[in-house]
Amino acid sequence: MAEFPNILGPHVESLVELKDGACLLTFKKNGGFEHLSENNLNLLVDWLKTREGVELVLRCSGTSDVGCLALSNLVQACKNVRKLDLAMNNIGPTGIASAAGGIMQRNTLHTLNLQGTKIGNAGGISLAEALQCQNSLEVLNVSDCDLELPSIIAFRTVLQKDTNLKELYMDRPLIRANDVVILASHLAAIIVQNKSLKKISWRKHGLTDEGAERIADGLARNTVLEVLDVAANKIARAGAAAFAQSFLENQTLKELNLDGNNIQDEGVHSLALGLVESQNKTLEKLGVARNGILGSVAHRTGNLAQSGLVAFARAIQSTPTITGFRVWGNPAVSGIGQLDLEACKELGDLVNGSRPMSTDIQSYTVDGVVYVAELN
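These remarks concern the structure in this document. (Residues numbered from 1 in each chain as written. Predicted model: local features only at pLDDT ≥ 70, side-chain atom pairs only at ≥ 80, totals over all residues. Heavy atoms only, no water.)

### Considerations on the overall build of the protein
Part 1 of the reasoning: Across its full length, the protein holds 13 helices and 15 strands.
Part 2 of the reasoning: Projected onto its principal axes, the C-alpha coordinates of the protein cover approximately 75 × 45 × 35 Å.
Part 3 of the reasoning: Partitioning the intrachain contacts of the protein with sequence separation of at least 6 by distance along the chain shows that 80% fall at a separation of at least 24.
Part 4 of the reasoning: Once the 34 positive and 40 negative side-chain charges of the protein are each reduced to a mean point, those two points are 3 Å apart. (Helix = DSSP H or I, 4+ residues; strand = E, 2+ residues; numbered from the N terminus. Contact = heavy atoms within 4.5 Å. Lys, Arg positive; Asp, Glu negative; His and termini not counted. Charge placed at Lys NZ, Arg CZ, Asp CG, Glu CD.)

### Notes on empty space enclosed by the protein
Part 1 of the reasoning: Inspection of every chain in the model, using the stated rule, returns two cavities of 30 Å³ or more.
Part 2 of the reasoning: Taken as a whole, the largest cavity holds about 100 Å³ of empty space.
Part 3 of the reasoning: Classifying every residue of the lining of the largest cavity gives four nonpolar, six polar and one charged.
Part 4 of the reasoning: In this structure, the second largest cavity encloses a volume near 30 Å³.
Part 5 of the reasoning: If you go around the second largest cavity, the residues you meet are Ile190, Ile191, Asn194, Leu197, Ile200, Asn222 and Leu225. (1 Å grid on protein atoms, 1.4 Å probe; cavity = no way out; pocket = protein on both sides within 12 Å on 5 of 7 lines; lining within 4 Å. Points joined across faces, edges and corners; volume = space filled by probe spheres on them. Nonpolar A, V, L, I, M, F, W, Y, C, P; charged D, E, K, R; others polar.)

### Comments concerning the pattern of salt bridges
Side chains that differ in charge, positive against negative, can pair when their charged atoms come close.
Part 1 of the reasoning: Using the criterion set out here, one finds 18 salt bridges in the structure.
Part 2 of the reasoning: One salt bridge connects arginine 221 with aspartate 217, and the closest N-O pair in it is separated by 3.0 Å. One end of the pair, arginine 221, and the other, aspartate 217, are both in helix α7 (residues 209-221), four residues apart, so they sit about a helical turn from each other.
Part 3 of the reasoning: Taking relative accessible area as the criterion, aspartate 217 reaches 43% and is therefore assigned partly exposed.
Part 4 of the reasoning: Among the salt bridges present, the one from arginine 314 reaches glutamate 342, with a minimum N-O distance of 3.7 Å. On the criterion of sequence distance, the pair formed by arginine 314 in helix α11 (residues 308-317) and glutamate 342 in helix α13 (residues 341-351) is long-range, its members being 28 residues apart.
Part 5 of the reasoning: Classification of arginine 314 as partly exposed rests on a relative accessible area of 40%.
Part 6 of the reasoning: One connected set of salt bridges, linked through shared partners, spans Lys118, Asp144, Asp146 and Arg172. (Salt bridge = Lys/Arg side-chain N within 4 Å of Asp/Glu carboxyl O. Buried < 20%, exposed > 50% of the residue type's maximum accessible area, 1.4 Å probe, protein only.)

### Quick look at unusual backbone geometry
Part 1 of the reasoning: Backbone geometry at glutamine 264 places phi at a positive 60°, although glycine is not the residue there.
Part 2 of the reasoning: Tracing the backbone shows glutamine 264 in helix α9 (residues 264-277).
Part 3 of the reasoning: Under the relative-accessibility criterion, glutamine 264 is labelled buried at 17%.
Part 4 of the reasoning: In the Ramachandran plot, lysine 281 falls in the positive-phi region, its phi being about 50° despite a non-glycine side chain.
Part 5 of the reasoning: Within the element layout of this structure, lysine 281 appears in the loop between α9 and β11 (285-287).

### Details of the nonpolar core
Part 1 of the reasoning: Counting 107 residues, the largest nonpolar core has Leu74, Leu127, Trp202, Leu228 and Phe243 as the members making the most contacts within it.
Part 2 of the reasoning: Counting residues per element, this core draws most heavily on α11, which supplies seven residues.
Part 3 of the reasoning: Setting aside residues up to four positions removed in sequence, leucine 74 forms contacts with Phe33, Leu41, Leu44, Val45, Leu48, Leu56 and Val81. (Core = buried A, V, L, I, M, F, W, Y, C linked by side-chain atoms within 4.5 Å.)

### With respect to the packing of α7 against helix α8 (residues 237-247)
Part 1 of the reasoning: Between α7 and α8, the shortest axis-to-axis distance is 8 Å and the interhelical angle comes to 5°. In terms of orientation, α7 and α8 fall into the roughly parallel class. Within the contact between the two elements, α7 uses Asp209, Ala212, Glu213, Ile215, Ala216, Leu219 and Ala220 and α8 uses Arg237, Ala238, Gly239, Ala242, Phe243 and Ser246. (Axes fitted to C-alpha atoms, helices over the stretch in contact; angles between N-to-C directions. Parallel < 35°, antiparallel > 145°, perpendicular 65-115°, else oblique.)

### Thoughts on the environment of leucine 137
Part 1 of the reasoning: Tracing the backbone shows leucine 137 in the loop between α4 (120-131) and β6 (139-141).
Part 2 of the reasoning: According to the relative accessible area criterion, leucine 137 is buried, its value standing at 3%.
Part 3 of the reasoning: When the C-alpha atoms of leucine 137 and leucine 109 are compared, they prove to be 5.7 Å apart, with 28 residues separating the residues in sequence.
Part 4 of the reasoning: Here leucine 137 is in contact with Met104, Leu109, His110, Thr111, Leu112, Leu131, Asn164 and Leu165, once residues within four sequence places are set aside.

### Remarks on the side chain of histidine 11
Part 1 of the reasoning: Along the chain, histidine 11 falls in the segment before β1 (12-17).
Part 2 of the reasoning: Given a relative accessible area of 13%, histidine 11 falls into the buried group.
Part 3 of the reasoning: For histidine 11, the contacting residues outside a window of four places in its chain are Phe27, Lys28, Gly32, His35, Leu36 and Asn40.

If you want it as structure tokens, here you go:
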């Protein structure tokens, strides 16, 4: 196997040999790839062609539209690039539009990460169009790329057909408040129509209860999705109740992340009831951290017979498939003053029980009283 050209050393952060004869090549930040001369680029291509597979990491490398086009040419020439990490670069709509076809053309590519690269609405549409001709990509991250509703609709159009894509990360698009319900309809359509996606992340979409209800309705009819992350939205009690209802019909979902919403005690009560009543018992992880859950002591009505987190803990205890949960950041267990000590005790019993549990809390006892603290 040919040795790595020494002249390329100043541009490279690390080179890792992988077990299958492939390599993981990471370029230096701030111009590691961008500053390659044409001659050096040709040397790199010749060397990469000798490898069984190539994983390129250009995260925060300062790659611009010009560098993106050069990278596209490299991917086409090498024919063995299987992972491309372009997160946090200076590639804009023009760069991705000119390069998307070349990058997607190779049916060896299975992972493309563009997180934080501001390709914008036009770039998102170009990428969606290129995705139509790609049948090997399994993981796509377009989070924080300044996508707008038209580009999300373009992705929906492509993804409503069967693709090879298994994981889609599409967090924090730029969506106007008036378009959130329309957005939710298109997201729900992806869940209903796509038969390949196993993991979806739609954080920070501004989704409200109405949007959550549409997505939950789609989830009830989905037969392949295993992980749904809708953290950091504006989902409240009715939205949580809709997801709880989907538990009764969905037979594949393993993880639901509702962290950073506002489902409150009533919402977590609904989720607990859905867990108990579901006959499918596929769910393994459930996140309700930072959701304004007050507990029976501090609840504004004062008439809750049982706090949301007590119901939540008991539902998890009675659901043997659950092996992970998150609750920290709710006033009932992490506030100052009106802690729900019954919830702390029930959750502590879960954490210290015989069932291995992945969680964000740990329990401790002071003068015979159980409290919980955040687990770092």
